[in-house]
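Structural overview
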Amino acid sequence: MDLLKKKILECGKALNSEVLLVDSFLNHQVDCSLMSEIGKEFARLFKDKGVTKVVTIESSGIAPAAMTALEMGVPMVILKKATSAILSDGVIQTEVFSFTKRTSYQLTLKGKFIVPGDKVLLIDDFLAKGEAAMGGANIIKRAGGEVVGIGAVISKNFQPGMKRLRDAGYHVESLAQVSRMDENVVEFEDDDE
Ligand code: 5GP
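These lines cover the structure that appears in this document, whether it is placed above or below. (Residues numbered from 1 in each chain as written. Predicted model: local features only at pLDDT ≥ 70, side-chain atom pairs only at ≥ 80, totals over all residues. Heavy atoms only, no water.)

A closer look at the site of the ligand
Close to the ligand lie 16 residues, the nearest being L20, D124, K129, G130 and K156. In the model, a nitrogen atom of the ligand is placed 2.7 Å from a nitrogen or oxygen of the L20 main chain. E131 places a polar main-chain atom, nitrogen or oxygen, 3.2 Å from an oxygen atom of the ligand. Against a free-state accessible area of 500 Å², the protein chains account for coverage of 90% of the ligand. Those elements giving two or more residues to the shell around the ligand turn out to be strand 7 (119-127) and helix 4 (131-142). Looking at the shell around the ligand, the element that brings in the most residues is strand 7, giving 4 residues. Looking at the shell around the ligand residue by residue, the classes come out as 7 nonpolar, 3 polar and 6 charged. (Near = heavy atom within 4 Å. Polar contact = N/O pair within 3.5 Å; in protein donor to acceptor, adjacent residues only side chain to side chain. Areas by Shrake-Rupley, 256 points an atom, 1.4 Å probe, with all protein chains shown as cover. Helix = DSSP H or I, 4+ residues; strand = E, 2+ residues; numbered from the N terminus. Nonpolar A, V, L, I, M, F, W, Y, C, P; charged D, E, K, R; others polar.)

Notes on the environment of H171
Relative to the elements of secondary structure, H171 occurs in the loop between helix 5 (161-167) and strand 9 (172-182). Overall, the relative accessible area of 26% leaves H171 in the partly exposed class. Spatially, the C-alpha atoms of H171 and I154 are 15 Å apart, while their sequence positions differ by 17 residues. Not counting chain neighbours up to four residues away, the residues in contact with H171 comprise L45, F46, K49, V148, G149 and I150. Among the polar contacts listed, one links the side chain of H171 to the side chain of K49, at a separation of 3.2 Å. (Buried < 20%, exposed > 50% of the residue type's maximum accessible area, 1.4 Å probe, protein only. Contact = heavy atoms within 4.5 Å.)

Some details on the packing of helix 1 (residues 2-11) against helix 2 (residues 32-45)
In the contact formed by helix 1 and helix 2, the axes pass within 10 Å of each other and the chain directions differ by 145 degrees. Pair helix 1 / helix 2 crosses with left-handed handedness. On helix 2, the residues that touch L3, L4 and K7 of helix 1 are L34, E37 and I38. Residues of the contact of helix 1 with helix 2, tallied by class, amount to 4 nonpolar, no polar and 2 charged. (Axes fitted to C-alpha atoms, helices over the stretch in contact; angles between N-to-C directions. Left-handed = near helix turned anticlockwise from the far one by under 90°.)

Next up, the structure:
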């Protein structure tokens with residue numbers, strides 16, 4: 001998605017070869033008109049999947065997921081990050097290791113928000129090692145839903161997440177596929193349109 005790649009080059013900042021800062025338009029300050037275009041693009045890419053719910057992970061996935069859900073005319077469900085296991089009826093959890101915080105959290109869903117038969121599009125801001133997406137997919141399936149697609153706003157394809165998810169059989173789309181990064185350098189794959 002050219003608009004997004006342009007924004008990353010203009011406003012993103014590669015801290016090192018691993019971490020890209022996008023807090024001026026995606027996950028701290030939010031460029032809502034860019035998010036609206038991102039929502040339209042995900043809706044276009046997954047339009048034939050019969051999506052009944054868009055699921056995301058708090059908090060950085062919420063803006064692009066909300067716009068996608070709005071565009072597709074379906075509800076958005078937010079997977080919460082809890083610090084401890086919750087022993088309560090109908091709550092589904094799985095442990096996820098956070099790429100940025102270097103610590104684990106309990107990805108948490110009240111099961112009633114995903115019902116058997118739901119066809120779920122999982123949206124997140126970044127795809128790095130695939131931990132968050134695999135955890136999200138695990139919870140959705142345990143609730144009885146089917147993961148019909150996974151959308152990342154930005155994937156760092158030199159990290160293993162994209163391959164891991166595709167090897168697991170998921171249909172994954174990324175709107176900006178980064179092939180290489182270094183301090184203040186970001187390069188994209190050629191074929192990500
Ligand atoms: P994964 O679970 O795929 O290893 O990492 C994905 C999660 O880590 C995303 O939800 C995102 O919040 C965070 N993340 C991964 N890489 C980056 C990055 O380069 N920059 C930022 N800001 N967040 C990232």
